[in-house]
Amino acid sequence: MAARSLEEHLAGGEAMARLAAHGQRLLQFQSLLEKALPETLRPHARVANFKLGRLIVHAANSAVAAKVRQFAPSIAAELSQSGTQVSAIDVKVQLRQRTARAAPHRRPDLPGEKQQQALDTLAHALPDGSPLAHALRQLLRAVKS
């Protein structure tokens, strides 16, 4: 007896076949959503469901949700080109749980003595009145304080 793939198991029963087809459809909607959104928004918006002509999209935060709502007409146009009639697009904020805690912000190390000397040499080599020379001198004063 040959082993059956997961896809074959899902397509085996009527209820499972409907569920698998719905999942496939949601994946297609996700692809269309990503085409309609700018690249910066794509990782922050996910298709959650499609039910009775309503596409439900989850956004990572309220700012992303507002932007996705602005793109609703182009999202609907992408879906209608694929043959799907969408009566509404609901965008909801769905915070994602973080799996790993982000490392706390660490202040960068201050320049060491050699770096300070090099910055001082550079500041003196620049012409008088140079904005860069002025900025370097301010930096060096702040570091030495």
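Below is a summary of the structure that appears in this document. Predicted model only: the values in this text are computed from it and were never measured.

## Brief notes about the packing of helix 5 (residues 113-125) against helix 6 (residues 131-144)
Thought 1: It is the contact of helix 5 with helix 6, at a shortest axis distance of 9 Å, that shows an interaxial angle of 150°. In this view, helix 5 runs roughly antiparallel relative to helix 6, as classed from their interaxial angle. For helix 5 against helix 6, the interelement crossing comes out left-handed. On helix 6, the residues touching Gln116, Leu119, Asp120, Leu122, Ala123 and His124 of helix 5 are Ala133, Leu136, Arg137, Leu139, Leu140, Val143 and Lys144.
Thought 2: When grouped by side-chain class, the residues that make up the contact of helix 5 with helix 6 number 8 nonpolar, 2 polar and 3 charged.

## Structural notes on the packing of aromatic side chains
Thought 1: Under the criterion given, the structure shown has 1 aromatic pair.
Thought 2: For the pair phenylalanine 29 and phenylalanine 50, a centre-to-centre distance of 4.8 Å together with 65° between the ring planes defines the contact as edge-to-face. Placement of the pair is phenylalanine 29 in helix 2 (residues 14-36) and phenylalanine 50 in strand 1 (residues 45-51), with a sequence separation of 21 residues.
Thought 3: The buried category is assigned to phenylalanine 29, whose relative accessible area is 2%.

## Some thoughts on the sheet that holds strand 3 (residues 88-93)
Strands belonging to one sheet form pairs held by backbone hydrogen bonds; the direction of such a pair is parallel or antiparallel.
Thought 1: As summarised here, the arrangement of the 3 strands in space is 1-2-3, forming an open sheet in which the pairing is mixed. Two strands close off the open sheet at either side, each with one partner strand: strand 1 and strand 3. Taking the axes of each pair of neighbouring strands and ignoring which way they run, one obtains an average angle of 25° across the sheet.
Thought 2: Alignment of strand 1 against strand 2 (residues 54-59), held across 6 bridges, turns out to be antiparallel. Across the sheet, the residue bridging to valine 47 is valine 57, located in strand 2.
Thought 3: Of the strands in this sheet, strand 1, strand 2 and strand 3 touch helix 3 (residues 62-70), which is tilted by about 170° from strand 3.

## A closer look at the pairing of strand 2
Thought 1: Hairpin connection from strand 1 to strand 2: 2 residues lie between these consecutive antiparallel strands, with leucine 52 at a positive phi of about 50°.
Thought 2: Bridge count for strand 2 against strand 3 is 6 bridges, and the pairing is parallel. From the neighbouring strand, histidine 58 faces strand 3, where its bridge partner is lysine 92.

## Topic: the packing of helix 2 against helix 4 (residues 72-81)
Thought 1: Taken N-terminus to C-terminus, the directions of helix 2 and helix 4 make an angle of 135°; their axes are 9 Å apart at the nearest point. By the angle class used here, helix 2 and helix 4 are oblique. The two elements helix 2 and helix 4 meet at a crossing, and its hand is right-handed. Where helix 2 abuts helix 4, its residues Phe29, Leu32, Leu33, Lys35 and Ala36 lie against Ser74, Ile75, Glu78 and Leu79.
Thought 2: The residue inventory of the contact of helix 2 with helix 4, partitioned by class, reads 6 nonpolar, 1 polar and 2 charged.

## Considerations on helix 3
Thought 1: Within the span of helix 3, buried status applies to Val64, Ala65 and Val68. All buried residues of helix 3 project into a common sector of 100° when viewed along the axis, lining one side. Of the exposed residues in helix 3, the ones pointing more than 90 degrees away from its buried face are Ser62, Ala63 and Gln70.
Thought 2: For helix 3, the elements touching its buried residues are strand 1, strand 2, helix 4 and strand 3.
Thought 3: Where helix 3 begins, the capping side chain belongs to asparagine 61, and its oxygen is found 3.1 Å from the backbone nitrogen of alanine 63.

What counts as what
Every residue gets a number counted from 1 within its own chain, in the order that chain's sequence is written. Only residues with pLDDT of at least 70 are given local features in this predicted model, and only at 80 or more are side-chain atom pairs given and counted; all residues enter the totals for whole chains, interfaces and linings. The basis for the side-chain values is all heavy atoms of the structure; hydrogens and waters are excluded. Every axis corresponds to a line fitted to the C-alpha atoms, with the helix fit spanning only the stretch in contact, and the corresponding angles, defined between N-to-C directions, vary from 0 to 180 degrees. Helix and strand assignments follow DSSP, with helices taken as H or I runs no shorter than four residues and strands as E runs no shorter than two, numbered in order from the N terminus. Roughly parallel here means an angle under 35 degrees, roughly antiparallel means over 145, roughly perpendicular means 65 to 115, and every remaining angle is called oblique. Left-handed describes a crossing whose near helix is turned anticlockwise from the far helix through less than a right angle; right-handed describes the clockwise counterpart. It only takes one pair of heavy atoms within 4.5 Å for two residues to be counted as in contact. Throughout this entry, Asp, Glu, Lys and Arg are counted as charged residues, while Ala, Val, Leu, Ile, Met, Phe, Trp, Tyr, Cys and Pro are counted as nonpolar. The remaining residues, Gly among them, count as polar. Note on ring pairs: Phe, Tyr and Trp rings are taken, using the six-membered ring of Trp, and paired if centres are within 6.5 Å. Classes follow the plane angle, with under 30 degrees stacked, over 60 edge-to-face and the rest tilted. For the exposure calls, accessible area comes from a 1.4 Å probe over protein chains only, and a residue counts as buried if that area is under 20% of its type's maximum, exposed if over 50%, partly exposed in between. For two strands to be treated as a pair, DSSP must find at least two bridges joining them. Of all possible arcs, the one meant is that of the directions from the helix axis to the C-beta atoms. For this analysis, a polar contact is any N or O atom pair within 3.5 Å, provided that within protein one partner can donate a hydrogen and the other can accept it, and provided that sequence-adjacent residues contribute only side-chain to side-chain pairs.

Honestly, it's all geometry; don't read function into it.
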